[in-house]
Amino acid sequence: MHYKDKIYFMLTQIPIKKNKKGTFLDFRNEKLSSLDFLRDFQEQARDLSMFLSGSSVSIIINPEFKNDEKFDTTIRSIQTELNHENISLKAVVDSFESTESLIDNKVQNLPMSAEEKSDSTKQEILNTSVLPETLYVESNLRSGQLIRYPGNVCVVGDVNPSAEIIAAGDVIIWGTLRGIVHAGADGDREAKVITMDLSGGQIRIADKVAAFKEIRSKDKKKGGIKVPELVKIENNDIIVKRYF
Amino acid sequence: MGNAKVIVVTSGKGGVGKTTTTANIGAALASLGKKVCVMDMDIGLRNLDILMGLENRVVYNLVDVIEGTCKLKQALVKDKKVPNLCMLAAAQTRDKTAVNAEQVLGLINELKEEFDIVLVDCPAGIESGFQNSIAGADEALVVVTPEMSSVRDADRIVGLLEARKEQIGAVRLIVNRVKPGLIETHQMMSIEDITEILAIDPIGLIPDDEDVVISTNKGEPLALLDSNKAAGQAYRNIAKRILGEKVPFMDLNKKVGFLKKLKAIFA
């Protein structure tokens, strides 16, 4: 899918995480047993349907909640709300790693379609989300334009000063970066930013921030040429490496 | 007169020269034989009438026309010097909320019956004043000065104009208050720096010229003076380019002395 011109997606309050195994809703910061949660979740499920309708998600809970007396009813309520929005609940896990997925035995008793039962025994859960994993933008981003996306963002064009990209995943800019980029916005410190020309602006990865000096044409004339660079977190700090 | 062109002169940032540009390009186009109307959309803070030297001739303004207090013809003020140039002033005792985009569009359509070109002087900002001003526009001229703040605001404006691609066909750049000396010594943004960010084609470069201030206060658009004053000539060139003529850009660099050239080799 290509998106031109106006691109803006709202993240819901619930962190949405994705890995090879699929899409996960992270409920570890929620008070799952409270009445407020279920009431709020009804509304949030509606927002989620914008991204996830027609697909399946797993949810991440705190390990202690497994032993809570309200565990079964809460999970069923969540599943009901999701089903209302045409989202099916694939699994409940108590940790989120890029390679691991624990499936709780208790949850196996929940009614699942035949197709999902076989899927849940596989180690590799396919990503069946309707939303593409990477947003592809084929234009410049002008000052004041904002992209928010629960995945990777790839821009073929420049990102001008005061334009913003907030992505849960990586950000790749095939052009000049002068604006503000936040990769790994959900907290993923492995996220990275790759750009053809780092010429100012600010890069944030997860909870770290780095600001960059603008390169004017006079510096370029004195031998500063455009160099593709990779920006990531190494040893707890944001570093910039030449890509080649 | 259905083939009229409506051009909005905008910038985002205030004080970069929109009104001066509107007055001068309007005057230049009229001198080339076109029937031109310059329209001030800065309701509450009108300036176009001052620059045209017509402030004490304004009886009715565009808000009066929209509200039906008068007919359009009664609000149009004919220029003192150039016969086919008219001005439609803004109201000073009201503010931007006095009109909406639909009303402005209706007014512009009426103007298109009478004139070849309508130049709309847009107020600074991106809210209703701006939105109303672009209501009937076919083309846009974005005015910037070679400063980062002006360029960033212009970038925002261009983004908003590009969102209306079906309506506004051409968005072109005018760089105002260019100081070639400072550009040469890398103390001012170059034209390439500006176009690299804005990614739109320049239609004119206007040198910083104190004659502009003088003519503004006199109420005589510089473009009308016959002399070879650089800024006036630049405006006249822009008018020709708007009409489709290919005019090479003026060389704004002052003659560089021998010593300076020598220095440049060793810098």
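In case you missed it, the structure is sitting above this.
Residues numbered from 1 in each chain as written. Chains lettered and ligands numbered in written order. Predicted model: local features only at pLDDT ≥ 70, side-chain atom pairs only at ≥ 80, totals over all residues.

Enquirer: Could you give an account of the overall build of chain B, naming the residues involved and the relevant values?
Expert: Tallying secondary structure elements over chain B gives twelve helices and eight strands in all. In terms of overall size, chain B behaves like a compact globule, its C-alpha atoms giving a radius of gyration of 19 Å where 267 residues would be expected to give roughly 18 Å. Taken along its principal axes, the extent of the C-alpha atoms in chain B is 70 × 40 × 35 Å. By the burial criterion, 48% of the 267 residues in chain B qualify as buried. A separation of at least 24 residues holds for 76% of the contacts in chain B among residues at least 6 apart in sequence. (Helix = DSSP H or I, 4+ residues; strand = E, 2+ residues; numbered from the N terminus. Rg over C-alpha atoms; globule rule 2.2 N^0.38 Å. Buried ≥ 20, exposed ≤ 12 C-beta atoms within 10 Å, placed from the backbone. Contact = placed C-beta atoms within 7 Å.)

Enquirer: How would you explain the sheet that holds strand E5 (residues 117-121) of chain B if you had to name every residue and give the values?
Expert: All names here are of chain B. The eight strands lie next to each other as E3-E4-E2-E5-E1-E6-E7-E8, forming an open sheet whose pairing is mixed. Looking at which strands have only one partner, the edges of the open sheet turn out to be strand E3 (76-78) and strand E8 (202-207). In this sheet, neighbouring strand axes are inclined to one another by 20° on average, regardless of whether the strands run parallel or antiparallel. Here strand E7 (residues 170-178) pairs with E8 via four bridges, running parallel. Pairing of isoleucine 174 across the sheet is with glycine 204, part of E8. Along the sheet, helix H1 (residues 18-31) contacts strand E1 (5-10), strand E2 (36-40), strand E4 (85-88), E5, strand E6 (139-144) and E7; its crossing angle with E5, the most-contacted strand, is approximately 165°. On the sheet, helix H11 (residues 230-242) packs against E7 and E8 and is oriented at approximately 170° with respect to E8. (Pairing = 2+ DSSP bridges. Axes fitted to C-alpha atoms, helices over the stretch in contact; angles between N-to-C directions.)

Enquirer: Tell me about the pairing of strand E13 (residues 208-211) of chain A, and please be specific about residues and values.
Expert: In regular strands, side chains alternate between the two faces of the sheet. Residue and element names in this part refer to chain A. As paired strands, strand E12 (residues 202-205) and E13 are joined by four bridges and run antiparallel to one another. Bridging from a neighbouring strand, glutamine 202 pairs with alanine 211 of E13. A loop of two residues connects E12 with E13, the two strands running antiparallel in sequence, and alanine 206 in this loop sits at a positive phi of about 50°.

Enquirer: Explain the interface of chain A and chain B to me, using residue names and the numbers behind them.
Expert: Counting residues at the interface gives 13 residues for chain A and twelve residues for chain B. The residue makeup of the side of chain A that touches chain B, split by class, is one nonpolar, seven polar and five charged. (Nonpolar A, V, L, I, M, F, W, Y, C, P; charged D, E, K, R; others polar.)

Enquirer: Any chance you could break down H1(B) for me, citing the residues and the numbers?
Expert: Residue and element names in this part refer to chain B. Over its 14 residues, H1 extends 20 Å from the first C-alpha to the last, a length consistent with the 20 Å expected when each residue adds 1.5 Å. Where burial is concerned, most of H1 is hidden: 13 out of the 14 residues are buried. Backbone geometry just downstream of H1 places glycine 33 in the positive-phi region, at approximately 105°. (Expected span 1.5 Å × (residues − 1).)

Enquirer: Lay out helix H2 (residues 71-84) of chain A in plain terms, naming residues and giving numbers.
Expert: Helix length check: H2(A), at 14 residues, gives a terminal C-alpha distance of 20 Å against a target of 20 Å (1.5 Å per residue), a fit within 8%. A positive backbone phi angle near 65° is found at A:Asn86, which sits one or two residues after H2(A).

Enquirer: Give a detailed account of the nonpolar core, specifying residues and quantitative values.
Expert: Of all hydrophobic cores here, the largest spans 82 residues; its most connected members are B:Val118, B:Leu119, B:Val120, B:Val142 and B:Tyr235. Those residues in contact with B:Tyr235 that lie beyond four places of it in its chain are B:Asn24, B:Ile25, B:Ala28, B:Ile206, B:Leu222 and B:Ala223. Counting residues in each nonpolar core, the second largest holds 28 residues, with A:Val155, A:Val159, A:Val193 and A:Val231 among its members. (Core = buried A, V, L, I, M, F, W, Y, C linked by C-beta atoms within 7 Å.)

Enquirer: Tell me about the environment of B:Glu114, and name the residues and values.
Expert: Residue and element names in this part refer to chain B. Position of glutamate 114 relative to the elements: it lies in helix H5 (residues 101-114). Judged by the 15 C-beta atoms lying within 10 Å of it, glutamate 114 falls in the partly exposed class. Between the C-alpha atom of glutamate 114 and that of lysine 73, which follows or precedes it by 41 residues, the distance is 9.8 Å.

Enquirer: Kindly report on the packing of H1(B) against H11(B), identifying the contributing residues and their values.
Expert: All names here are of chain B. Packing of H1 against H11 leaves a shortest axis separation of 8 Å and a crossing angle of 65°. Handedness of the H1/H11 crossing: right-handed. Contact with H1, carried on its side by Asn24, Ile25, Ala28 and Leu29, involves Tyr235, Arg236, Ile238, Ala239 and Ile242 of H11 and no other residues of that element. For the contact of H1 with H11, the class distribution of residues is seven nonpolar, one polar and one charged. (Left-handed = near helix turned anticlockwise from the far one by under 90°.)

Enquirer: Give me the lowdown on the pairing of E12(A), citing residues and values where you can.
Expert: All names here are of chain A. Judged by which residues are buried, E12 turns out to be one-sided: Ile203 and Ile205 face inward and are buried, whereas Gln202 and Arg204, on the alternate face, are not. Pairing between strand E10 (residues 180-183) and E12: four bridges, direction parallel. Each residue of the ladder has a partner; that of histidine 182, found in E12, is arginine 204.

Enquirer: Explain the environment of B:Asp121 to me, using residue names and the numbers behind them.
Expert: All names here are of chain B. Residue position: aspartate 121 is located in strand E5. Residue classification places aspartate 121 among the buried positions, given that 27 C-beta atoms sit within 10 Å. In this structure the C-alpha to C-alpha distance between aspartate 121 and alanine 90, which are 31 residues apart in sequence, comes to 9.9 Å. Setting aside residues up to four positions removed in sequence, aspartate 121 forms contacts with Val9, Lys18, Thr19, Thr22, Val38, Met39, Asp40, Met41, Asp42 and Leu48.

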